Amino acid sequence: MFDETIAEARRQVEICNACRYCEGYCDVFPALMRLRDHDDGDIVQLANLCHNCRGCYYACQYVPPHEFAINLPAVLAEVRVESWERHAWPRRFARLFQRNGVAVAGLLIVAIALLLLMAQAVPSASGEDFYAVLSHGTMVALFLPAFVLPLVSVAVSLRRYWAEIGGGPLRPTDVLRAASDSMRLRNLSGGQGQGCNFEAEDRFSNRRRRFHQAMLWGFLLCFASTASGTVLHYGFGLEAPYGFWSLPKLLGVPGGVLLVIGCSGLAWLKTQADASLGAVFAWGGEMAFVLLLGLTGLTGLALYASASTTALPVLLAIHLGTVLAFFLLLPFSKMTHAFYRLAALTADASARR
Amino acid sequence: MTEDWDVIVIGGGNAALCAAIEAAESGARVLILESAPKVYRGGNSRHTRNFRCMHDGPLSVLTDSYGEDEYFDDLLRVTKGETDETLARLVIRSSEDCLPWMEAHGVRFQPSLSGTLSLGRTNAFFLGGGKALVNAYYATAEDLGIAVRYDTEVTHVTIEGDRFTGVRVRGPDGVADIAGRAAVIAAGGFQGDIDWLADAWGPAARNFLIRGTPYNRGVVLRDMLDQGAISVGDPTQCHAVAIDGRASKFDGGIVTRLDCVPFSVVVNKDGQRFYDEGEDVWPKRYAIWGRLVAAQPGQVAYAIIDSRSLDLFMPSVFPPENADTLEGLATKFGLPPEAVRDTIDRFNAACRDGPFHPTDLDGLTTQGIAPAKTNWARPITEPPFYGYSLRTGVTFTYLGLKVDKSARVSGPKGRYDNIWAAGETMAGSILGQGYLAGFGMTIGTVFGRIAGQEAAAHVR
Ligand SMILES: Cc1cc2nc3c(=O)[nH]c(=O)nc-3n(C[C@H](O)[C@H](O)[C@H](O)COP(=O)(O)OP(=O)(O)OC[C@H]3O[C@@H](n4cnc5c(N)ncnc54)[C@H](O)[C@@H]3O)c2cc1C
Ligand code: SF4
Ligand code: SF4
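Residues numbered from 1 in each chain as written. Chains lettered and ligands numbered in written order. Predicted model: local features only at pLDDT ≥ 70, side-chain atom pairs only at ≥ 80, totals over all residues. Heavy atoms only, no water.

Let's talk about the sheet that holds strand β3 (residues 50-52) of chain B
All names here are of chain B.
Then step 1. Read across the open sheet, the three strands follow the order β3-β5-β4; overall the sheet is antiparallel. A single partner strand is all that each edge strand has here, and the edge strands are β3 and β4 (109-110).
Then step 2. Pairing of β3 with strand β5 (residues 123-126), which is carried by three bridges, proceeds in the antiparallel orientation. Bridging across to β5, Arg52 finds its partner in Asn123. (Pairing = 2+ DSSP bridges. Helix = DSSP H or I, 4+ residues; strand = E, 2+ residues; numbered from the N terminus.)

Let's talk about the domain arrangement of chain B
Residues and elements named next belong to chain B.
Then step 1. When its domains are assigned, chain B resolves into domain 1 (5-235 + 398-459) and domain 2 (240-393).
Then step 2. Domain 1 and domain 2 are separated by 35 Å when their C-alpha centres are compared.
Then step 3. With 17 residues of domain 1 at the interface, the matching set in domain 2 holds 19 residues.
Then step 4. In terms of surface lost to domain 2, no three residues of domain 1 exceed Asn207, Leu209 and Arg211, which account for 42% of the buried area on that side.
Then step 5. The tally of links from domain 1 across to domain 2 stands at one salt bridge.
Then step 6. Salt-bridge contacts for Asp251 lead to Arg46; the nearest nitrogen and oxygen are separated by 3.0 Å. (Domains from an automatic or database assignment. Contact = heavy atoms within 4.5 Å. Buried area = accessible area lost by both parts, 1.4 Å probe. Salt bridge = Lys/Arg side-chain N within 4 Å of Asp/Glu carboxyl O.)

Points about the packing of aromatic side chains
Then step 1. Enumeration according to the criterion identifies 32 aromatic pairs over all chains in this entry.
Then step 2. A centroid spacing of 6.4 Å and a plane angle of 65° characterise the contact between Phe263(B) and Phe356(B), whose relative ring orientation is edge-to-face. Of the two residues, Phe263(B) is situated in the loop between β12 (238-244) and β13 (265-268) and Phe356(B) in the loop between α9 (337-350) and β16 (385-397); the sequence distance between them amounts to 93 residues.
Then step 3. Looking at Phe263(B), the relative accessible area reads 10%, which means it is buried.
Then step 4. Given a relative accessible area of 18%, Phe356(B) falls into the buried group.
Then step 5. Through a chain of ring-to-ring contacts, the aromatic side chains of Phe147(A), Phe219(A), Phe223(A), Phe289(A), Phe326(A) and Phe327(A) assemble into a single cluster.
Then step 6. In this structure, Arg89(B) packs its charged tip against the face of Phe72(B), placed 4.3 Å from the ring centre. (Phe/Tyr/Trp six-rings, centres within 6.5 Å; stacked < 30°, edge-to-face > 60°. Buried < 20%, exposed > 50% of the residue type's maximum accessible area, 1.4 Å probe, protein only. Lys NZ or Arg CZ within 6 Å of the ring centre and 35° of its normal.)

A closer look at the pairing of β16(B)
All names here are of chain B.
Then step 1. Across the 13 residues that make up β16, a large majority, twelve, are buried.
Then step 2. For strand β10 (residues 209-210) and β16, the ladder comprises two bridges, and the chain directions are parallel. Bridging across to β16, Ile210 finds its partner in Val394.
Then step 3. Strand direction decides the pairing type here: strand β14 (residues 300-306) and β16, joined by seven bridges, are antiparallel. Residue pairing for β16: Ala303 is matched across the bridge by Tyr388.
Then step 4. Bridging between strand β15 (residues 321-323) and β16 involves three bridges; their strand directions are antiparallel.

Description of helix α1 (residues 14-25) of chain B
Residue and element names in this part refer to chain B.
Then step 1. For α1, which comprises twelve residues, the first-to-last C-alpha distance of 16 Å matches the rise-based estimate of 16 Å (1.5 Å per residue) to within 8%.
Then step 2. Counting buried positions along α1 gives eleven out of twelve residues, so the element sits mostly inside the fold.
Then step 3. Taken residue by residue, α1 has Asn14, Ala15, Ala16, Leu17, Cys18, Ala19, Ala20, Ile21, Glu22, Ala23 and Ala24 as its buried positions. (Expected span 1.5 Å × (residues − 1).)

A few points about the layout of surface pockets
All names here are of chain A.
Then step 1. In this model, the second largest pocket occupies a volume close to 1400 Å³.
Then step 2. As for the second largest pocket, its lining consists of 43 residues, and the residues nearest its centre are Cys222, Ser225, Thr226, His319 and Leu320.
Then step 3. For the lining of the second largest pocket, the elements supplying multiple residues, two or more each, are α8 (129-133), α9 (136-164), α11 (207-236), α12 (247-272), α13 (283-305) and α14 (312-329). (1 Å grid on protein atoms, 1.4 Å probe; cavity = no way out; pocket = protein on both sides within 12 Å on 5 of 7 lines; lining within 4 Å. Points joined across faces, edges and corners; volume = space filled by probe spheres on them.)

Regarding the pattern of salt bridges
Then step 1. Across all of its chains, the model carries 46 salt bridges over all chains by this definition.
Then step 2. A salt bridge links Asp181(A) to Arg184(A); the nearest nitrogen and oxygen atoms lie 3.3 Å apart. Within this pair, Asp181(A) and its partner Arg184(A) are both found in helix α10 (residues 172-184), separated by three residues, close to a single helical turn.
Then step 3. One salt bridge in this structure joins Arg217(B) and Glu153(B), with 3.4 Å as the shortest N-O distance. Here Glu153(B) lies in strand β7 (residues 153-160) and Arg217(B) lies in the loop between β10 and α6 (219-226), a separation of 64 residues in the sequence.
Then step 4. Here the salt bridges do not stand alone but share partners, grouping Asp27(A), Arg34(A), Asp181(A), Arg184(A), Arg186(A), Asp348(A) and Arg352(A) into one network.

Thoughts on a nonpolar patch on the surface
All names here are of chain A.
Then step 1. Taken together, Trp89, Leu144, Val148 and Val152 make up a surface patch of nonpolar side chains, about 350 Å² in accessible area.
Then step 2. Checked against the element boundaries, Trp89 lands in the loop between α5 (72-87) and α6 (91-98).
Then step 3. Its relative accessible area of 40% is what places Trp89 among the partly exposed residues. (Patch = residues over 30% accessible without salt bridge, like charges linked within 9 Å, V, L, I, M, F, W, Y side chains within 5 Å. Areas by Shrake-Rupley, 256 points an atom, 1.4 Å probe, with all protein chains shown as cover.)

Considering the interface of chain B and chain A
Then step 1. The interface of chain B with chain A comprises 39 residues on the first partner and 29 residues on the second.
Then step 2. A buried area of about 2800 Å², summed over both sides, lies between chain B and chain A, and 49% of it is on carbon and sulfur atoms.
Then step 3. Broken down residue by residue, the surface that chain B buries against chain A is led by Arg108(B), Leu127(B) and Pro315(B), which jointly contribute 18%.
Then step 4. On the surface where chain B and chain A come into contact, there are five salt bridges.
Then step 5. For Asp311(B), the salt bridge goes to Arg36(A), with nearest N and O atoms at 3.5 Å.
Then step 6. Only β4 and α4 (130-143) of chain B provide two or more residues apiece to the side of chain B that touches chain A.
Then step 7. Considering each element in turn, the side of chain B that touches chain A owes the most residues, seven residues, to α4(B).

A closer look at the site of ligand 2
Then step 1. Around ligand 2, the neighbouring residues are Cys16(A), Cys19(A), Arg20(A), Tyr21(A), Cys22(A), Phe29(A), Cys56(A), Cys60(A), Gln61(A), Tyr62(A) and Ile70(A).
Then step 2. Split by residue class, the shell around ligand 2 holds nine nonpolar, one polar and one charged. (Near = heavy atom within 4 Å. Nonpolar A, V, L, I, M, F, W, Y, C, P; charged D, E, K, R; others polar.)

Points about the nonpolar core
Then step 1. Counting 100 residues, the largest nonpolar core has Phe51(B), Met102(B), Met224(B), Phe439(B) and Phe447(B) as the members making the most contacts within it.
Then step 2. No other element matches helix α10 (residues 439-459) of chain B, which puts ten residues into this core.
Then step 3. Those residues within four positions of Phe51(B) in sequence are excluded, and the remaining contacts are Ser95(B), Cys98(B), Leu99(B), Met102(B), Phe109(B), Thr122(B), Asn123(B), Ala124(B), Phe126(B), Gly438(B), Met441(B) and Thr442(B).
Then step 4. Ranked by size, the runner-up nonpolar core spans 58 residues in total, among them Val28(A), Val44(A), Trp84(A) and Ile254(B). (Core = buried A, V, L, I, M, F, W, Y, C linked by side-chain atoms within 4.5 Å.)

What to know about the packing of α1(B) against α4(B)
Residues and elements named next belong to chain B.
Then step 1. It is the contact of α1 with α4, at a shortest axis distance of 10 Å, that shows an interaxial angle of 25°. Looking at the two axes, α1 sits roughly parallel to α4. Where α1 crosses over α4, the handedness of that crossing is left-handed. Contacts between α1 and α4 involve Asn14, Leu17, Cys18 and Ile21 on the former and, on the latter, Leu133, Val134, Tyr137, Tyr138 and Thr140.
Then step 2. When its residues are assigned to classes, the contact of α1 with α4 shows seven nonpolar, two polar and no charged. (Axes fitted to C-alpha atoms, helices over the stretch in contact; angles between N-to-C directions. Parallel < 35°, antiparallel > 145°, perpendicular 65-115°, else oblique. Left-handed = near helix turned anticlockwise from the far one by under 90°.)

A closer look at the environment of Arg121(B)
Residue and element names in this part refer to chain B.
Then step 1. Within the secondary structure, Arg121 is located in the loop between β4 and β5.
Then step 2. In this structure the C-alpha to C-alpha distance between Arg121 and Asp64, which are 57 residues apart in sequence, comes to 6.3 Å.
Then step 3. With residues near it in sequence (within four places) discarded, Arg121 still touches His55, Leu62, Thr63, Asp64, Ser65, Tyr66 and Glu70.
Then step 4. Polar contacts involving the side chain of Arg121 include one to the main-chain carbonyl oxygen of Ser65, which spans 2.8 Å. (Polar contact = N/O pair within 3.5 Å; in protein donor to acceptor, adjacent residues only side chain to side chain.)

Topic: the pairing of β14(B)
Then step 1. Counting buried residues along β14(B), seven of its seven residues qualify, which places the element largely inside the surrounding structure.
Then step 2. A two-sided burial pattern is seen for β14(B), the buried positions comprising Val300(B), Tyr302(B), Ile304(B) and Asp306(B) on one face and Ala301(B), Ala303(B) and Ile305(B) on the other.

Here it is, written out as structure tokens:
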């Protein structure tokens, strides 16, 4: 299965290498042009560099039914998703969740139910608000492993990826360059800022880039909010709930709003786009993941709005359930693309040097 | 229902789109009739990558400057004087305004593609290639309210006296007549009609491959000529290059080109050499090799290199055949092994020591064989040996409609009242033979725009 996909990608990549018309769209083409022969690792690296902007599909004079049957965005998406599955550890989870929206929803329900049960079981003790429902200690006991273990898993996968693509020693300048490329989504710019061809066929638009940026920055703000809360808690003995003018809220509220806007936008665009230019088998899993991420933001905001009301315990359980599901799925869902993308951009920065 | 359009544009490539956009911007109601389905819209234009543009000082992606006289001299050189100077200079001078016009209508440019740096001063490359250009124009056309019908072939142009009155089409809903007040013909050449090609060139043409769209079958051209329209250009000639012999009959496009000839020994079906492979750098020679191969038995030839030369040229779409011995390679191609061995042995013996420079004319020439190889003559000795088959790939035909500088087509009694032509359909009015890279799109853009403006002015 994987070998076939790689072979098909190689066939297409070699046609592109003879053509090169798309050289100005993204980093994939200069990368493929640096080589004459492309081994499996090269193809996997190209696949993880591709941002699925689809510029090269609509510009291609060889798309099906032409006998060259070029659909580079789709075949690279397939190689990409399959590479995440192959390197995932434990592997069977990846196959389950990456391709299956229902499984993602199922995990979410289980996580929420678990939190609801725990909330009822724990005798409401000391704290106010949150900790009246679920003690801080319980939360940490649950979330620390749920956060650390997936990261360990991602680290294992990335090592395997790096070995497969033949990555060299890491240089900080390359990592910085990759980080800046991914923050700006340079590879969704169409090469000249006109954007990509996602939701309106051959017309260019920056919607996907903007929504993805909202999602990314929203996510990072939410993450920073949680981190700042942890610091306040342990470093300064300041416990939740925090007021509006506190760091966790100043970061978290705009973060949540951006996350919700970004994820709803991306989900909507996904319904407009032609699914056959992506990994068709992963559509459901990807969609479920975007919605889940959006839900973490939405339930977080709802939780904030419901402070000191009777809805709080239930909302807290739902919010924490979504967060738990999100973390558990980190290595086994679309989320993993963030890590691979960074790695691929780093490797590319080093190859360009 | 009878339809009545201001301007009917026949064809859906670059020239047609430029005409349609200009006409619509002048207020005309425009209909585009494209014989190809939507995925194949854009004719040969969708296979292109650049256009040649005069410029006084750096312009967009173009470096330095490229003046009218230099441009014209370049054209004269390739056409060996078979050029209409007035029209050619009109195209050249107008090309400078075309670039900003193209950008304003959605076309994006990029610096010359890697491997084509020599064109960075003279040719502006389209970001994403010709299909991206065609897409941009279709989007602009849609925004301007231009109607487009795909899968709709014009089979007859109705002319009463000197006046065009409408077209007959064969489309998804069958045959229909559509009335119009002016026509722009931009339907390309006739190379898609192999029978016509064979009538004109001879039976050898049946073995030619067509590099571009199968939809340019010359149906409108023939219909116009049958009605007495004046033709230009040599009806027996076409622009042809040597391409990979494994390419499909139609639409193989740019990726079927082969750049290996200068580093090869090229033999025919009988294992014999027939021309100096190293006469000049490949961009200056690929066009004559189309004819050279066409003159060989079976219209096929074989380029043979050794392992040292494999990385000296751009990769092509199909991997080369290979074998550890020359006889083995010959057998794979169905060539007589002894003859190939003998030809290469004699070639190798004629090679001399000296510096080999793949990117320049290095003067490394054979001695004592005919034909000589006058550059890059390095012996073929290091296995594995690689080979490509070569066939003649037709780019376009020269026969076309005669136009004046306002793009108006001439009929038996002088100019028609309301018929204009643009692009490949009339390019024979400008060049009688030869071809200058990027000039086809320039002709189409300049004359397309003129035709669109004139047609719109006529109906106003
Ligand atoms: C592989 C390749 C690469 C090339 N690269 C370049 C390049 O880089 N730069 C350059 O300047 N030139 C290049 N050329 C030449 C260039 O393609 C032509 O000069 C140019 O595209 C001609 O434009 P056009 O609009 O006249 O014709 P086309 O783009 O061929 O359009 C003709 C249109 O008419 C339609 N049509 C035909 N018959 C009918 C009918 N009866 N009814 C309705 N519609 C009809 C066709 O479907 C087509 O859409 C290349 C050609 C090829 C084959
Ligand atoms: S996607 Fe198509 S047009 Fe683009 S480089 Fe590849 S073959 Fe060429
Ligand atoms: S889909 Fe976009 S990012 Fe991917 S290879 Fe094509 S142009 Fe590059």
